[in-house]
Amino acid sequence: MKKRIAVLEGDGIGPEIVREGLKVLKVMETKYGHEFFLEFASFGAGAYFAHGDAFPKETKAACDRADAIIKGPVGLPVDQMSKIPQHKRPEIAAILPLRKRYDTFLNYRPVRLPKELASFSPLKPEIIGEGVDIMMIRELVGGIYFGQKVESPATKMMYSIDECKYTDEEVRRVAHAAFREARRRKALLTNVHKANVLATGRFWEFVVENVAKEYPDVEYRSILVDNAAFQLVKNPTQFNGVMLLENMQGDILTDQAGGILGSLGLMPSACMGLKKGYVEPAHGSAPDIANQNKANPYSMIGSIAFLFDECFDLKKEASEIWSAMFEVFGNGYRTVELAGKDTPKNRILSTSEFGDMVVAILTR
Ligand code: IPM
Ligand code: MN
């Protein structure tokens, strides 16, 4: 397969974890005879300081030309970020516009912890039980993130408004994707919402319930978001299957899921539109540990697995990458943030060592 890929390394640990992701991409390219043309472009806080724009027009053009996009995390330390005017910061001026540009409404955030790795989690092993395997699906281009905003000048803030809006079509398309995923996995779909208070919550539940009727073979449950947050900690495996969430609730609960796994470094993601998708770790740029070769690249390498699976429909490549990463952990190796008191020093892997081990497994 021949594909053009835009690579946005981002800030902080971005470049070093993207490097590991690309190592894996290149190995699979050779192994399976693909041809990937990579075009690097700048994006994020660094891009703002270099070009006055966190999502410069050259980057937009590179993304427009590409079949898919690989994106690292963005953001610099607070003292740097505070030098960027609010509306030019990467969250508002780069990430949301990227999502809107390619209408990437469908965000996959897998939460996987096999029982052998239960010790990663701050939860007791009996709570991890037979293992957590939840595909969180977050709506990514609607709701309160994209509604109208009213802000009075910072000097005389009296009130502000964030409008939360969802249309029938916006809810239906992500719900259909979530039900298809649940059907593929022969698994439960849990719909998360706040129907007891919000109009958009009631509407979300109503629309999803109607979509559910088209999937009688998929077990369907509905849960309020506050209860879901509680249940996720108390008994996460009850959600094994697919969880469907609107944009902001999905943002919050997917980070909580990272907490259950024991590290946000274990949270890859794919953001899919109808024509194009991009992949990114679900976490931030961790500027405090940047350039120290100690960030966990799992989330980025997992995002590369998603690139194969979701963007290019290359399932075999994707599943080999996932297995290789679990094999590294299964062999007792740990990335720095997952190492415990009892992890032998020679089992603690730097960012590049983790990538090298995945590569070694994929090429043996
Ligand atoms: C995420 C991030 C983004 C979000 C921010 C950086 C805009 O937290 O992808 O989860 O809130 O969606
Ligand atoms: Mn988030």
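If you're wondering where the values come from, they're calculated on a predicted model, not measured in any experiment.

Conventions used here
- Residues numbered from 1 in each chain as written.
- Chains lettered and ligands numbered in written order.
- Predicted model: local features only at pLDDT ≥ 70, side-chain atom pairs only at ≥ 80, totals over all residues.
- Heavy atoms only, no water.
- Helix = DSSP H or I, 4+ residues; strand = E, 2+ residues; numbered from the N terminus.
- Rg over C-alpha atoms; globule rule 2.2 N^0.38 Å.
- Buried < 20%, exposed > 50% of the residue type's maximum accessible area, 1.4 Å probe, protein only.
- Contact = heavy atoms within 4.5 Å.
- Areas by Shrake-Rupley, 256 points an atom, 1.4 Å probe, with all protein chains shown as cover.
- Lys, Arg positive; Asp, Glu negative; His and termini not counted.
- Charge placed at Lys NZ, Arg CZ, Asp CG, Glu CD.
- Salt bridge = Lys/Arg side-chain N within 4 Å of Asp/Glu carboxyl O.
- Pairing = 2+ DSSP bridges.
- Axes fitted to C-alpha atoms, helices over the stretch in contact; angles between N-to-C directions.
- UniProt positions renumbered as here; feature names shortened; annotations may be inferred.
- pLDDT = per-residue confidence, 0-100.
- Near = heavy atom within 4 Å.
- Polar contact = N/O pair within 3.5 Å; in protein donor to acceptor, adjacent residues only side chain to side chain.
- Nonpolar A, V, L, I, M, F, W, Y, C, P; charged D, E, K, R; others polar.
- Domains from an automatic or database assignment.
- Patch = residues over 30% accessible without salt bridge, like charges linked within 9 Å, V, L, I, M, F, W, Y side chains within 5 Å.
- Right-handed = clockwise from strand over helix to strand, strands pointing away.
- Buried area = accessible area lost by both parts, 1.4 Å probe.

Participant: Any chance you could explain the overall build of the protein here in plain terms?
Facilitator: Regarding its fold elements, the protein presents 13 helices and 14 strands. Taking 21 Å as the expected radius of gyration for a compact globule of 364 residues, we find that the protein reaches 20 Å, a close match to that expectation. Judged by the C-alpha coordinates and their principal axes, the protein covers about 55 × 50 × 45 Å. Counting the 364 residues in the protein, one finds 54% classified as buried. In the protein, the share of contacts with a sequence separation of at least 24, taken over all contacts with a separation of at least 6, comes to 76%. Working note: accessible area of the protein is about 16200 Å², and carbon and sulfur atoms make up 54% of it. The protein carries 47 positive and 47 negative side-chain charges, and their two centres are separated by 1 Å.

Participant: Help me out: how do you make sense of the pattern of salt bridges in this one?
Facilitator: Side-chain pairing between opposite charges can occur once the charged atoms of the two side chains come close. Applying the stated rule across the entire model yields 24 salt bridges. Here Lys71 and Glu280 are joined by a salt bridge, their closest N and O atoms 2.7 Å apart. One end of the pair, Lys71, is in strand S3 (residues 68-71); the other, Glu280, is in the loop between strand S12 (277-279) and helix H11 (298-311), and 209 residues separate them in sequence. The two residues Lys71 and Glu280 agree in class, both being buried. Measuring nitrogen to oxygen at the nearest pair gives 3.9 Å for the salt bridge that ties Arg172 to Glu214. Of this pair, Arg172 sits in helix H7 (residues 168-184) while Glu214 sits in the loop between helix H8 (199-212) and strand S9 (220-224), and the two are 42 residues apart along the sequence.

Participant: Would you mind going over the sheet that holds strand S4 (residues 106-114) with me for this structure?
Facilitator: The strands making up a sheet associate through backbone hydrogen bonding, with each pair oriented either parallel or antiparallel. A sheet is described by the order of its strands in space; here 10 strands give the open sequence S2-S1-S3-S12-S11-S4-S5-S10-S8-S9, paired in mixed fashion. Two strands in the sheet have a free side with no partner beyond their single neighbour: strand S2 (35-41) and S9. Averaged over all adjacent pairs, the angle separating strand axes in this sheet is 20 degrees, with direction ignored. Two elements, strand S5 (residues 131-139) and strand S10 (residues 241-245), share 5 bridges in a ladder whose sense is parallel.

Participant: Even after reading the chapter, I still don't get the pairing of strand S1 (residues 2-8), so can you show me in this structure?
Facilitator: Within a regular beta strand, the side chains point alternately toward one face of the sheet and then the other, so they alternate between its two faces. Bridge count between S1 and S2: 7 bridges; the pairing is parallel. Counted as the bridge partner of Arg4 is Phe37 from S2. Taken together, the 4 bridges between S1 and S3 define a ladder with parallel strand orientation. Residue pairing for S3: Ile5 is matched across the bridge by Ala68.

Participant: Quick question: what am I supposed to make of the UniProt feature "domain: Isopropylmalate dehydrogenase-like" (unreviewed entry) in the protein here?
Facilitator: Following the UniProt record, the feature "domain: Isopropylmalate dehydrogenase-like" (unreviewed entry) maps to residues 4-358 here. The distance from the first to the last C-alpha atom of residues 4-358 is 24 Å, and the span holds 42% helix and 19% strand.

Participant: Just to check I follow, could you spell out the confidence of the model for the protein for this structure?
Facilitator: Low pLDDT means the predicted coordinates in that region are not meant to be read closely. In the predicted model, the protein carries a mean pLDDT of 97, and 100% of its residues have values of at least 70. Of all helices and strands in the protein, the one with the weakest mean pLDDT is strand S6 (residues 149-151) (91), whereas S10 scores best (99).

Participant: Looking at this structure, I do not really get the site of ligand 1. What am I missing?
Facilitator: Taken together, the residues surrounding ligand 1 are Glu91, Ile95, Arg99, Arg109, Arg138, Tyr145 and Asp251. Interatomic distance of 2.8 Å between a side-chain N/O atom of Arg109 and an oxygen atom of ligand 1. Protein burial of ligand 1: of its 320 Å² of free accessible surface, 76% is covered by the chains. Top contributing element to the shell around ligand 1 by residue count: helix H5 (residues 90-101), with 3 residues. Partitioned by chemical class, the residues of the shell around ligand 1 number 2 nonpolar, no polar and 5 charged. Here the shell around ligand 1 spans two domains, since at least three of its residues come from each of domain 1 (1-104 + 273-364) and domain 2 (109-262).

Participant: Just checking my understanding: could you explain the environment of Phe203 for this structure?
Facilitator: When you line up the elements, Phe203 lands in helix H8. Sequence separation between Phe203 and Lys165 is 38 residues; the distance between their C-alpha atoms is 10.0 Å. Leave out the neighbours within four places in its chain, and Phe203 touches Tyr166, Thr167, Asp168 and Val171.

Participant: Help me understand a nonpolar patch on the surface, please; the structure alone is not making it clear to me.
Facilitator: The grouping of Val150, Met158, Tyr159 and Ile161 at the surface amounts to a nonpolar patch, some 440 Å² of accessible area in total. The residue Val150 is located in strand S6 in this model.

Participant: What is the right way to look at the pairing of S9 in this model?
Facilitator: Pairing analysis gives 5 bridges linking strand S8 (residues 188-193) to S9, with the strands arranged parallel. Paired with Asn191 across the two strands is Ser222, which belongs to S9. Traced from S8 through H8 to S9, the parallel crossover comes out right-handed.

Participant: Hey, could you run me through the domain arrangement of the protein in this one?
Facilitator: When the parts of a complex come together, some accessible area is lost, and that lost area is often taken as the interface size. Splitting the protein by domain gives domain 1 (1-104 + 273-364) and domain 2 (109-262). A straight line from the C-alpha centre of domain 1 to that of domain 2 covers 23 Å. Between domain 1 and domain 2, the residue contacts involve 14 residues of the former and 16 residues of the latter. Roughly 1500 Å² of surface becomes buried between domain 1 and domain 2 when both sides are summed, with 63% attributable to carbon and sulfur atoms. Taking the shortest distance from any N to any O, the salt bridge between Arg173 and Asp103 comes out at 2.8 Å. Connecting domain 1 to domain 2 are 2 residue pairs in polar contact (both at pLDDT 80 or more). The set of elements that each furnish at least two residues to the side of domain 1 that touches domain 2 consists of H5 and helix H12 (315-330).

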